[in-house]
Structure formats: C-alpha cells, structure tokens
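# A structural walkthrough
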Amino acid sequence: MRVEVLADLKGALEAVLFAGGDPLTEEQLREILQTDLRSTRALLTALSEDLSARGSGLMLKETAGGWQMVTRPELFSYVERLSQETNRKLSRAAMETLSIIAFKQPVTKLEIEQIRGVQHAERVLAQLVARELITEVGRKNVIGRPIQYGTTETFLRAFGLKNLKDLPNLPEPDMEQLSLPYDRVDDEDEEIT
C-alpha cells in the first residue's frame, strides 16, 4: 500500500473508530475502508503507533471482539469530571450478581439466589439488564422454563475484556472453611450401633 494512501486511510480509520463508539471488528473495518484484512491490520497498527507517538489522549483498544477508540486510563480523572451522572457505581448486590452471571452463565434467577443465599434478585437483575450489562440468553429446559442470563458486549467493554476467557480464574474454595461444625464427625463422638 502506498504511503499517501496509507495516510488517507489511517485518517479514515481514526474517524470511523471515533464516530462509531462501539467496537468494530476487523471485518467491519475492512468493509468500511474497502481494504483487505492484511491492510486493515497494518492500518490499526499504524494508527495505534501514531496516537502513542503524538501523545494523544486516545488509544486503540481491542475489546469485545473488535477495536475501539478509548481514553487513556491515566486521563480518567479528567473525563470523569465530564460525566453528568452522579451514581454510576453498582451496589454490592449488583456486583455479586454480575460476578455470578459472568462466571456461571447461562444462569437462572433461582441459581443466582442459591449461590448468593439471598432471595428476590428481580430488582438487581432489572438494573443490570437496564444498564445492558446482562441479557436474557434463553430458557432452561426444566419445569417452568426459567430465563437464563448472560453477559453482554457492554459488560466486556465496561471491564476492558476482549472476551470471557479474559476473566480471572476463580480460586479453589478452602473446604475447611466451607464445612460447618455439625458436618464434622470426630472419632470420639461417633456412636457405635
């Protein structure tokens, strides 16, 4: 690809990613820019290097199966001041529920309540659906056919993940801490029958 064509397309790529907002796949970018996949990847690399070299407040990030123009993390405090929303944080119950869904999906309301040990998850699930962090992904093939929930691309973007494989591994539970005193039977306490 000629240098002047590369420069023009790099500008077009920057404009498309900036205007698009949501992540765009390499295939979508290829179609929009009318290039081949190899050239599209070269443009992404060139734009990323250019943004870094000129000290831009923006950077390219691969997330949710595509590419997105995002603010550099070190500038977050400035961007945060721009926000008009006063309460964007999730409650503890919402974070617990979202974590369960992320790691156990697809999962039903009843399964979430059993894991959390708390009933009445409807309000929390409604909040997470409204924020587009989770969605209904189907129905479980059991009596009553309860709704199953899973995470969305908005969830991936919000937590800076490319895909669900980027979630950290859960630690193995300590079985000693999980067992209750009445679950333990000492040899001396056993009744002989």
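Summarised in this report is the structure supplied together with it.

Conventions we followed
- Residues numbered from 1 in each chain as written.
- Predicted model: local features only at pLDDT ≥ 70, side-chain atom pairs only at ≥ 80, totals over all residues.
- Heavy atoms only, no water.
- Helix = DSSP H or I, 4+ residues; strand = E, 2+ residues; numbered from the N terminus.
- Buried < 20%, exposed > 50% of the residue type's maximum accessible area, 1.4 Å probe, protein only.
- Contact = heavy atoms within 4.5 Å.
- Areas by Shrake-Rupley, 256 points an atom, 1.4 Å probe, with all protein chains shown as cover.
- Phe/Tyr/Trp six-rings, centres within 6.5 Å; stacked < 30°, edge-to-face > 60°.
- Lys, Arg positive; Asp, Glu negative; His and termini not counted.
- Salt bridge = Lys/Arg side-chain N within 4 Å of Asp/Glu carboxyl O.
- Polar contact = N/O pair within 3.5 Å; in protein donor to acceptor, adjacent residues only side chain to side chain.
- Pairing = 2+ DSSP bridges.
- Core = buried A, V, L, I, M, F, W, Y, C linked by side-chain atoms within 4.5 Å.

Attention now goes to the overall build of the chain. Scanning the chain from N- to C-terminus turns up 9 helices and 5 strands. Order of helices (α) and strands (β) in the chain, N terminus to C terminus: α-α-α-β-β-α-α-β-α-α-β-β-α-α. Looking at the chain as a whole, 26% of its 193 residues qualify as buried. Sequence separation of 24 or more characterises 47% of the internal contacts of the chain that already satisfy a separation of 6 or more. Carbon and sulfur atoms form 51% of the exposed surface of the chain, whose accessible area is close to 13,900 Å².

The next thing to look at is the packing of aromatic side chains. Taken as a whole and assessed by the stated rule, the structure comprises 1 aromatic pair. Aromatic side chains Phe-155 and Phe-159 sit 5.0 Å apart centroid to centroid with 45 degrees between the ring planes, which places their arrangement in the tilted category. Phe-155 gets classed as buried once you look at its relative accessible area, which sits at 3%.

Assignment of secondary structure puts Pro-23 in the loop between helix H1 (3-20) and helix H2 (26-33). Separated by 40 residues in the primary sequence, Pro-23 and Thr-63 have C-alpha atoms spaced 6.8 Å apart. Once residues lying within four places of it in the same chain are set aside, the contact partners of Pro-23 are Gln-28, Thr-63, Ala-64, Gly-66, Trp-67, Gln-68 and Arg-157.

You can see Arg-72 is positioned in the loop between strand E2 (66-71) and helix H4 (76-82). Lacking a salt bridge, the buried Arg-72 has Glu-74 as its closest oppositely charged neighbour, with an N-O distance of 4.5 Å. Within the structure, the side chain of Arg-72 is placed 3.4 Å from the backbone oxygen of Leu-58, a separation counted as a polar contact. Excluding its chain neighbours within four sequence positions, the residues that come into contact with Arg-72 are Leu-51, Ser-52, Ser-56, Gly-57, Leu-58 and Met-59.

On to the pairing of E2. Within E2, 5 of the 6 residues are buried, which leaves the element mostly enclosed by the surrounding structure. The pairing of strand E1 (residues 58-63) with E2 spans 6 bridges and is classified as antiparallel. Directly across from Glu-62, in E2, lies its bridge partner Trp-67. Linking E1 back to E2 in an antiparallel pair, the connection comprises 2 residues, with Ala-64 at a positive phi of about 50 degrees.

All right, on to the nonpolar core then. Among the nonpolar cores identified, the biggest contains 19 residues, and Leu-98, Ile-101, Ile-112, Leu-125, Leu-128, Ile-134 and Phe-155 are the most heavily contacted of them. Breaking this core down by element, the ones donating at least two residues are helix H5 (92-104), helix H7 (122-130) and helix H8 (153-158). Excluding anything up to four places from it in sequence, Leu-125 contacts Thr-97, Ile-101, Lys-109, Ile-112, Ile-134 and Tyr-149. Counting 13 residues, the second-largest nonpolar core is a separate cluster that includes Leu-17, Leu-24, Leu-51 and Leu-60.

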